[in-house]
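Next come the chains, spelled out residue by residue.
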Protein chains: 4
Amino acid sequence: MSGNSIGNLFRVTTFGESHGKLIGCIVDGVPPGIILSISDLQFDLNRRKPGCSMYVSSRKELDKIEILSGIFNNKTTGTPIGLLIKNEDCVSEDYENIKNVFRPGHADFSYYKKYKIRDYRGGGRSSSRETAMRVAAGAIAKKYLKETLGIKIFAFLSQVGNIIFSLTDIQEISKNKFFCPEKKKLSKLKSFLDSIKNDGDSIGSKVTIVADRVPAGLGEPVFDKLDADIAHAMMSINAVKGVEIGDGFNVVKMKGSQNRDEISKKGFLTNHSGGILGGISTGQRIISHLSIKPASSISIPCKTIDKNGNDVILSVKGRHDTCIGIRAVPVAEAMMAIVLMDHFLRNRAQCGK
Amino acid sequence: MSGNSIGNLFRVTTFGESHGKLIGCIVDGVPPGIILSISDLQFDLNRRKPGCSMYVSSRKELDKIEILSGIFNNKTTGTPIGLLIKNEDCVSEDYENIKNVFRPGHADFSYYKKYKIRDYRGGGRSSSRETAMRVAAGAIAKKYLKETLGIKIFAFLSQVGNIIFSLTDIQEISKNKFFCPEKKKLSKLKSFLDSIKNDGDSIGSKVTIVADRVPAGLGEPVFDKLDADIAHAMMSINAVKGVEIGDGFNVVKMKGSQNRDEISKKGFLTNHSGGILGGISTGQRIISHLSIKPASSISIPCKTIDKNGNDVILSVKGRHDTCIGIRAVPVAEAMMAIVLMDHFLRNRAQCGK
Amino acid sequence: MSGNSIGNLFRVTTFGESHGKLIGCIVDGVPPGIILSISDLQFDLNRRKPGCSMYVSSRKELDKIEILSGIFNNKTTGTPIGLLIKNEDCVSEDYENIKNVFRPGHADFSYYKKYKIRDYRGGGRSSSRETAMRVAAGAIAKKYLKETLGIKIFAFLSQVGNIIFSLTDIQEISKNKFFCPEKKKLSKLKSFLDSIKNDGDSIGSKVTIVADRVPAGLGEPVFDKLDADIAHAMMSINAVKGVEIGDGFNVVKMKGSQNRDEISKKGFLTNHSGGILGGISTGQRIISHLSIKPASSISIPCKTIDKNGNDVILSVKGRHDTCIGIRAVPVAEAMMAIVLMDHFLRNRAQCGK
Amino acid sequence: MSGNSIGNLFRVTTFGESHGKLIGCIVDGVPPGIILSISDLQFDLNRRKPGCSMYVSSRKELDKIEILSGIFNNKTTGTPIGLLIKNEDCVSEDYENIKNVFRPGHADFSYYKKYKIRDYRGGGRSSSRETAMRVAAGAIAKKYLKETLGIKIFAFLSQVGNIIFSLTDIQEISKNKFFCPEKKKLSKLKSFLDSIKNDGDSIGSKVTIVADRVPAGLGEPVFDKLDADIAHAMMSINAVKGVEIGDGFNVVKMKGSQNRDEISKKGFLTNHSGGILGGISTGQRIISHLSIKPASSISIPCKTIDKNGNDVILSVKGRHDTCIGIRAVPVAEAMMAIVLMDHFLRNRAQCGK
C-alpha cells in the first residue's frame, strides 16, 4: 500500500503540500447514518490551527474545512467523505533563501535523496501543515466513538523542558492555549517559553494522550496489536521521537511484582499497562506518551550544505513554533481516535460486537 | 487486513500457539535467486531459543526450523517460503492450575474478553513463543540486506534495572548469553539477576537496535514513515511498552540548537535523529530503543480473578524468564530487518533504485 | 481496506457523487520526476465526457480537471496527486420523482439495503460519473507506461447488439464518436442506435481492450495474477457483467491442441491466451473483452417498488445513454493502465527490473 | 501486498509447490467460537482430489488435511488457522524431459521470464495442486456462511465442448464424478470425453457457481464491488479465461427493457443481474459462470523452445486431466465462499449487521 493512507477499515488518505493550493483527504469506511456537519470538524481544527499564541507559528490560516462528499441530508451515507482546506497565507518568499539548502533537522535532505526533487516551499509535503487533515478525519472518528460507544479521548501537554505537568484538572486543559492541565504552572511555562523564544531557540516537549471507556477487546494480535497500531500512528506525527504505552520506559527499572496489574472482582488494582494487555484493550484507561523534538527552524545560525554539497551557514527565518508540542496535542488526539475507530470496526467484523 | 501479517511487499504471516503441535509462518515477496539454506535461519533461532542460561525459560526446545517451500536448488524462487518449527517440550500440566484464572500482566484477560475462548496452555497464541517465527523470517531479510546492500543489523541489552550498558564493544555482544556489550559489567548483571531470581521476581530492561549502512531514501511518508513502521514492528513484540528513535524521550529537554543535526560536506556532525528525518532514512546509523516490561509470571503470589469473577490468589510456577529483554534481542533485530526489507522493496518500486 | 481504492503501489482512491459539488481522487505512489500537466489528463477526460453525441447522456459537463498537489515545477514529486472535477450541470429535479422509488437495474435498491440511506440525486455515488476520476488517474499511468516502457493501451467498441466490429483499422477508432474500428459499419451502427433510441430503449455492447509491448513478467501469482487483477478492475466498472482474457468463453469449445499457443524461436505462433500465462504477462499483446449491459434508465415504463414496498410504475426521464459501452471505452483503457502500472511497480519491487 | 493472499478480513495465504514436501495455508480472521473439525474440510478436499475418475489426473493423493493451529476444544479461537497437506505421490522423473523446455499453454515461460528460475517439477508453484488449499480454506467459509447465515453455495459443470448442462436437478450434481446436473446427458459426456482422451487431446468447459440466500448488502463499491471481487477470485483459478455475473456476455445483445430486473412487492420478477446491482448483493440468487481452457499437457506433439531458445518438439506425458473443469467445480465453490465470507465481515464492520 502507498504511504499516504492509514487505517484498514476506517481509512484516511491525505494529500497536499504546505504551500500548494490546498490540502485535503478522503475518509473511507465511515459507518452510514451518522449526523455530521462542518462544525463537528471545525472545533478541533481551530484548536490546532496556527496563530493561536505567540509561541506557535504566526501563519494566518483559518483552516476552514469543506466537506465535499459522503454526506446527504446531514448524515453520512457510508461512501467516502472528501475534505479540503485552502491554503491562504502562503509566503513562499520566506523560503527563497533555502531553495537549494537543506535545513538541518528537517526532511529536506532525506526527501531529496529519495525523490530527487526539492520542493522547498515550506517543507512541501513534509510540513506539519498536513496534520490539519488528520485532525479533520480524526474528528469524525472522535464523534462516532463518543456518541456510539461513550469513548472520550483527550490529550495534554505533559512536559516542556524540565517542567512537568500532571493531570490534576482535566477541565483546565481547554482553558489555556497550551493544553496544559496545571493552571498554577502556566506562568512558569510562559516565562520559560519566552526565554527560549528570545534566544531564537526552541524546546522539546511531551504530550500525553488518554482514552477513557474504551471497551475491552480492541486490538488484532499478533502484529496489529492495539499498542502497535497506536505506536505507528503516533510515530507518524511530525517530530515525534518516542512513544510509550502505560509505564513506558519506566518499566526498565521495575520488577514484575510491581508492574503486573493485579485484579480483584472490583477490577484492576493498578494500571501500569496503560489499558492494553497482549495487544488488546482491557477496558481500563488507555494512556500513551509522546516525545516531540524541538523545532529545527530557529534563528540561531547552523552549519549545513546546499544541493551541490557546499558548506553553508543558515539562519532560518519564517513563522515557526517555539514548542511544537503545543499544536501536536489535537493531532495526537486525532491519531488515537483514528486507531480506535479502525479497531472498533475490525473487532466488530471478526467478533461481531 | 487480518492481524497476523506484517509488511507490505516483504510480508510475513505467522500462526501457531505455545503448546500446539507446531508454529509456522509464510514469508511472501522474497526476491528470487537468493541462496538460502536452513543454517541461515537456524543461527538466529539458536540465539533466541529458551534454555540458554539460568535467567531465561528452561523449556527445552531445539527450535529446529524446516523450510517447506519457495526454495529450489538452494535458491529462493520468488514464491512464498513456508517455515515451521515443531513444539517438542510442551508441559501443559503446568497450566492446569490457571485453566480458569487470568494471570495478571498477561493477555489472558483481554483475549478472553475479545474471543470468549480461554486457551490456557502456555498463553496460547499470546505466548512469546510466536516470536521464533519472526526471527526465522527476519533472518531471510537480514541475509538479503547484508549481502545485497551491505546493511548490518544488531541489537544488544542496553539496560537492566539501574544497570546501563554502553556500546563499548560490538564484538562482546555475541560472546555472552546476555547480548551485553560491556564485559566488565557482566558479573554485576549476573549478581543482580540472581538476587531478582532468588526473590521469585523478575526485572524490566531496555534493548537497543542498530542498523548500519542503510541507504538514504527508505520510508514512505506521511503515514508509513520508516520510524512509524519501526515503532509498529517493535511495539508488536511481546512485553514492549516503549519505542524510541534516536534521542527518543531525551528530546523533551532539548533545545532546537542542540537537537538538530548540523551537516557539513563531510556528512552529518551528530546523529540525534537516529538516522531518520521526515520519516525517511538519511544514510546515518539507525538507532532505536525499546523498553521491555518484567515478566509477569513470577512465583510471588498475587491477587487476581477467575473466569467467574471470583477473587483468587495466584503464584505462577512454570519455566519463565527472569529478564525477558535478553531473548528479545534477536527478535528486535528480526523486526528491524523485516521493516527495512519491506521498505527497500517499496522504495525500489516507486523510485526505481 | 475500504472499497474506494484500487491498486497496491499505484493506488487510486476516489470520492464524490453524481450530483454533489465535485468529484475527486488521490493518486498515491506515482514515481517522482515525471513531467505531467493538465493536458495529459484532459485528453482522455474529453473522450469520456457526456454530450459528445446523441447516443450518450446530454448532461453538459466540461469535466475540467484540476491538479491540486503532487506536482512541482511540472514534475511529479512522488507525493500524492490530488485531482478534482467540479460538477456543473446537476439537474437534481430530474430525480425528484424517483426520490422514494428504486429504479430497476440500478444500484438504488442494493445501496438502500446496505446503507439505509437513499441518495436519489442521479444515483449518488453509484453513478458512472465516478468513472471520470478513473480516467484521470489512468491517464497518469498511461503516460508513464508509454514514455518509460513503450506500452500502448487502447480500447474499442467491438460489438453492439448483433453488430460486430473487428480491429481492422486502429486509426479509425479515434476518428468517430463510437470508438469503432470499422468505418464501413458506422452507418449501420447509427441506424441501429437510432431505432433503439426511438423506441425509448437502450442496448448492450462489448468493449475490447488491448495493451501492446507489455514486458514479460508482470503479475503476482497465485491470487494477484495479472488476469485476476484485470478482471477485478474491469468488473468494477459500472454495468460490466463479463470479463474475458484472450479467447475467453470461446475456450469452452476448444481442444488443448487448438488452444495452447505453440512457441518457436521467433516467438509465440498464436495468442489464444491473450498475453497472460499462469497469471504473468508473456510479452505478447494483452487482450481483454468486456460485456456491458444496456442502460436501465429508459423511458419505457417498468414495474418497481418504492421505499415503503408499494408497487409503482416508473418511466425514467433524464439524460441517459442509448449505449453505455461507448463511454466505457476510455474508462476500460484507464483501468487497464492502472492495473499494468501497479504490476509494473510490484514486479520492480520484488524482481528488481 | 504480496500475491499469495486473498481477502481483506477473512484472509487466506497459501504456499507450496506441486512436487515439494507439502502444501499449506494460513486462514486469518476466522470468527471465534465456530465448531470445526478435519471432516469439515476433508469433504470438499475429497471432491477435488485427483484420481477420482479416468478423466482427471491419476496422481494418487489422499489430500489428507492437517489442522495445525487456531482450534482449541474443537472450536475456532479467532487466531490464525494453519493447514497443510503432504504431497505423497510426486513423480518428478515425469518432468525430467521438460527440465529445460517451456510447455506451451503453461506458466513455464512466463515464470521463467519473471523469476529467472525454472522449477520444472510438475509446474512448481503454478500447478493447480495449489488449489487444494483454496478448497480447504473455502470449506471454513462455507461452513460459517451456511450455519450462521443459511447461505448455500454450489457449483456444477455447465458445458463441455458443445454439450450444455442445465440446472435441472441440484441433487444429481453430487451423484456423479462430473458435477453434472443432468443425468440423462452423462453417457453422452463420457463418450465425448473418451474420444478426446483417445485422441491424446483435452477439452475446455464451463462451470457455473450459485450462492443462495446471500443477504442483501454485501459488496464495497466502488472498487471492491462484490462482482469485482468474485471476478478477481475466479480469474485467479488456474486455466480460467472468462468470468460472467448473471447474464454475462448475453447482455451484449439485450435491450434495457429486457435486461433490467423489474421489481414488485413480492420481489424481483427476473434475475438477469445475477443477484448483484451496483456491486452490492440484492438478496437474489448470485450466479457466476467461468470458462476454463483445455489442459495444455496432452500427448499430441507440439512446437516449443527450450531455455536456450532452441526449437523443440514436445509431447507431454504425465498424469493429466482430459477436462480441467471437472475438478475446478469445488475450487470455484471455495473461491465464492471466501469472497462472500470476506464481504460478510466487511459489511458487518461498517454497517454493523
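Remember, predicted model here, so these are calculated numbers, not experimental data.

1. Notes on the interface of chain C and chain B
On the chain B side, the residues contacting the 13 residues of chain C number 13 residues. Roughly 1,000 Å² is buried in total at the junction of chain C and chain B, and carbon and sulfur atoms are behind 58% of that figure. Our enumeration of links across chain C and chain B arrives at zero salt bridges. Between the two partners, chain C and chain B, sit nine residue pairs in polar contact (both at pLDDT 80 or more).

2. Notes on the sheet that holds strand S1 (residues 5–6) of chain C
Residues and elements named next belong to chain C. Strand order in the open sheet made by the five strands is S1-S2-S3-S7-S4, with antiparallel pairing throughout. Bordering the open sheet on either side are S1 and strand S4 (65–67), each of which pairs with just one other strand. Pairing of strand S2 (residues 11–16) with strand S3 (residues 22–28), which is carried by six bridges, proceeds in the antiparallel orientation. Bridging from a neighbouring strand, threonine 14 pairs with cysteine 25 of S3.

3. Quick word on unusual backbone geometry
Following proline 221 of chain A, the chain continues into valine 222 of chain A via a peptide bond in cis, with omega recorded as 5°. The topology assignment puts valine 222 of chain A in the loop between strand S10 (205–212) and helix H6 (226–235). Despite not being glycine, lysine 116 of chain A has its phi angle at roughly 60°, a positive value. Tracing the chain through its elements places lysine 116 of chain A in the loop between helix H2 (108–115) and helix H3 (131–149). Despite not being glycine, arginine 213 of chain C has its phi angle at roughly 65°, a positive value. Under the relative-accessibility criterion, arginine 213 of chain C is labelled exposed at 55%.

4. A closer look at the interface of chain D and chain C
Listed as interface residues are 107 residues of chain D and, on the opposing side, 107 residues of chain C. Summing both partners gives a buried area of about 8,300 Å² for chain D against chain C, and 60% of it is carried by carbon and sulfur. Ranking the residues of chain D by area buried against chain C places Lys114, Phe223 and Arg260 of chain D at the top, with a combined share of 11%. Close ionic contact of glutamate 220 of chain C with lysine 114 of chain D constitutes a salt bridge, the shortest N to O distance being 2.9 Å.

5. What about the environment of isoleucine 35 of chain A?
Residues and elements named next belong to chain A. Along the chain, isoleucine 35 turns up in the loop between strand S3 (22–28) and helix H1 (38–48). Overall, the relative accessible area of 52% leaves isoleucine 35 in the exposed class. Between the C-alpha atom of isoleucine 35 and that of threonine 77, which follows or precedes it by 42 residues, the distance is 9.8 Å. The residues contacting isoleucine 35, other than those within four sequence positions of it, are Asp40, Asn74, Lys75 and Lys143.

6. Comments concerning the packing of aromatic side chains
Inspection of the entire model under this criterion finds 30 aromatic pairs over all chains. Relative to tyrosine 112 of chain A, the ring of phenylalanine 102 of chain A lies with its centre 5.5 Å away and its plane at 45°, an arrangement referred to as tilted. With a gap of 10 residues between them, phenylalanine 102 of chain A in the loop between strand S7 (81–86) and H2 and tyrosine 112 of chain A in helix H2 connect regions that are remote in the sequence. For phenylalanine 102 of chain A, a relative accessible area of 3% corresponds to the buried category. Members of the aromatic cluster, connected to one another through ring pairs, are Phe102, Phe109 and Tyr112 of chain A together with Phe268 of chain B.

7. Some thoughts on the pairing of strand S8 (residues 152–160) of chain D
Residues and elements named next belong to chain D. Counted residue by residue, S8 has eight buried out of nine residues, so it is predominantly covered. As paired strands, S8 and strand S10 (residues 205–212) are joined by eight bridges and run antiparallel to one another. Each bridged residue has a counterpart across the sheet, and for alanine 155 the counterpart in S10 is isoleucine 209. For S8 and strand S9 (residues 163–164), the ladder comprises two bridges, and the chain directions are antiparallel. Bridge assignment links valine 160 to a residue of S9, and that residue is isoleucine 163. Between S8 and the antiparallel strand that follows it, S9, lie two residues; glycine 161 among them carries a positive phi value of about 55°.

8. Some points on the pattern of salt bridges
Residue and element names in this part refer to chain A. All told, the structure shown has 88 salt bridges over all chains when counted by the stated rule. Its salt-bridge partner being arginine 285, residue aspartate 212 comes within 2.7 Å of it at the nearest N-O pair. Taken together, the positions of aspartate 212 in strand S10 and arginine 285 in the loop between strand S15 (280–281) and strand S16 (286–292) put the pair 73 residues apart, joining distant regions of the chain. Aspartate 212 sits in the buried class, given a relative accessible area of 15%. Residue classification places arginine 285 among the partly exposed residues on the basis of a relative accessible area of 28%.

9. Points about the relation of the copies chain C and chain B
Each copy of the sequence occupies a distinct position, and chain C is placed on chain B by a rotation of 180° and an axial shift of 0.0 Å, giving an RMSD of 0.0 Å. Both copies are brought into coincidence by an operation consistent with a two-fold rotation axis. For chain C, the minimum C-alpha distance to the rotation axis belongs to alanine 349 of chain C and amounts to 2.2 Å. Of the residues that chain C buries at the interface, 100% are likewise interface residues in chain B, meaning the two copies contact each other through the same surface.

10. Topic: H2 of chain A
Buried residues dominate H2 of chain A, accounting for six of its eight residues. For H2 of chain A, the set of buried residues is Asp108, Phe109, Ser110, Tyr111, Lys114 and Tyr115 of chain A. In this fold, the buried residues of H2 of chain A make contact with strand S13 (267–268), strand S14 (276–277), strand S15 (280–281) and helix H8 (325–351) of chain B. Backbone geometry just downstream of H2 of chain A places lysine 116 of chain A in the positive-phi region, at approximately 60°.

11. Some remarks on the side chain of asparagine 347 of chain B
If you trace the backbone, asparagine 347 of chain B turns up in helix H8. Using a relative accessible area of 5% as the deciding quantity, one classes asparagine 347 of chain B as buried. If we skip the residues at most four places from it in the chain, asparagine 347 of chain B touches Lys114 of chain A together with Gly217, Leu218, Glu220, Gly352 and Lys353 of chain B.

12. Overview of the sheet that holds strand S2 (residues 11–15) of chain D
Residue and element names in this part refer to chain D. As summarised here, the arrangement of the five strands in space is S1-S2-S3-S7-S4, forming an open sheet in which the pairing is antiparallel. Two strands bound the open sheet, and with one partner strand each, they are strand S1 (5–6) and strand S4 (65–67). In this structure, strand S3 (residues 22–28) lies alongside strand S7 (residues 81–86), joined through six bridges in antiparallel fashion. In the strand pairing of S7, cysteine 25 is matched with leucine 83. The sheet strands contacting helix H3 (residues 131–149) are S2, S3, S4 and S7, and the helix crosses S7 at an angle near 140°.

13. Quick word on the relation of the copies chain D and chain C
For the match of chain D to chain C, the screw axis carries a shift of 0.0 Å, the RMSD comes to 0.0 Å, and the turn is 180°. Comparing interface residues between copies, 100% of those in chain D also sit at the interface in chain C, which points to an isologous, same-surface contact.

14. As for the packing of H6 of chain A against helix H8 (residues 325–351) of chain A
All names here are of chain A. Two numbers describe how H6 lies on H8: the axes approach to 9 Å, and their chain directions differ by 145°. The crossing of H6 and H8 is right-handed. Across the interface between the two elements, Leu226, Asp229, Ile230, Ala233 and Met234 from H6 touch Ala332, Met335, Met336, Val339, Leu340, His343 and Arg346 from H8. Residues that form the contact of H6 with H8 fall into these classes: nine nonpolar, one polar and two charged.

15. Looking at the confidence of the model for chain A
Atom-level detail of predicted coordinates should not be read off regions where pLDDT is low. Chain-level pLDDT for chain A is 95 on average; 99% of the residues reach the 70-or-more range. In the predicted assembly, ipTM is 0.97 and pTM is 0.98.

16. Points about the environment of threonine 13 of chain A
Mapping threonine 13 of chain A onto the fold places it in strand S2 (residues 11–15). On the accessibility criterion, threonine 13 of chain A (3% relative accessible area) is buried. Separated by 175 residues in sequence, threonine 13 of chain A and lysine 188 of chain A have C-alpha atoms that sit 40 Å apart. Leave out the neighbours within four places in its chain, and threonine 13 of chain A touches Asn4, Ser5, Gly24, Cys25 and Ile26 of chain A together with Thr13 and Ile26 of chain C. In terms of polar contacts, threonine 13 of chain A uses its side chain to reach the side chain of serine 5 of chain A, at 2.7 Å.

17. Quick notes on H8 of chain B
An α-helical segment advances 3.6 residues per turn. Residues three or four places apart therefore align on the same side. Residue and element names in this part refer to chain B. Its 27 residues give H8 an end-to-end C-alpha distance of 37 Å, which sits within 8% of 39 Å, the value for a rise of 1.5 Å per residue. By the criterion of burial, H8 is predominantly enclosed, with 27 of the 27 residues buried. In the segment just after H8, glycine 352 is the residue with positive phi, at about 75°.

18. Describing the pairing of strand S10 (residues 205–212) of chain B
Residues and elements named next belong to chain B. The buried fraction of S10 amounts to eight of the eight residues, a majority that puts the element mostly inside the structure. Neither face of S10 is open: one carries Ser205, Val207, Ile209 and Ala211, the other Lys206, Thr208, Val210 and Asp212, and all of them are buried. For S10 and strand S16 (residues 286–292), the ladder comprises seven bridges, and the chain directions are antiparallel. Each residue of the ladder has a partner; that of alanine 211, found in S16, is isoleucine 286.

What counts, and where the lines are drawn
- Residues numbered from 1 in each chain as written.
- Chains lettered and ligands numbered in written order.
- Predicted model: local features only at pLDDT ≥ 70, side-chain atom pairs only at ≥ 80, totals over all residues.
- Heavy atoms only, no water.
- Contact = heavy atoms within 4.5 Å.
- Buried area = accessible area lost by both parts, 1.4 Å probe.
- Salt bridge = Lys/Arg side-chain N within 4 Å of Asp/Glu carboxyl O.
- Polar contact = N/O pair within 3.5 Å; in protein donor to acceptor, adjacent residues only side chain to side chain.
- Pairing = 2+ DSSP bridges.
- Helix = DSSP H or I, 4+ residues; strand = E, 2+ residues; numbered from the N terminus.
- Buried < 20%, exposed > 50% of the residue type's maximum accessible area, 1.4 Å probe, protein only.
- Phe/Tyr/Trp six-rings, centres within 6.5 Å; stacked < 30°, edge-to-face > 60°.
- Least-squares fit on C-alpha atoms with pLDDT ≥ 70 in both.
- Axes fitted to C-alpha atoms, helices over the stretch in contact; angles between N-to-C directions.
- Left-handed = near helix turned anticlockwise from the far one by under 90°.
- Nonpolar A, V, L, I, M, F, W, Y, C, P; charged D, E, K, R; others polar.
- pLDDT = per-residue confidence, 0-100.
- Expected span 1.5 Å × (residues − 1).

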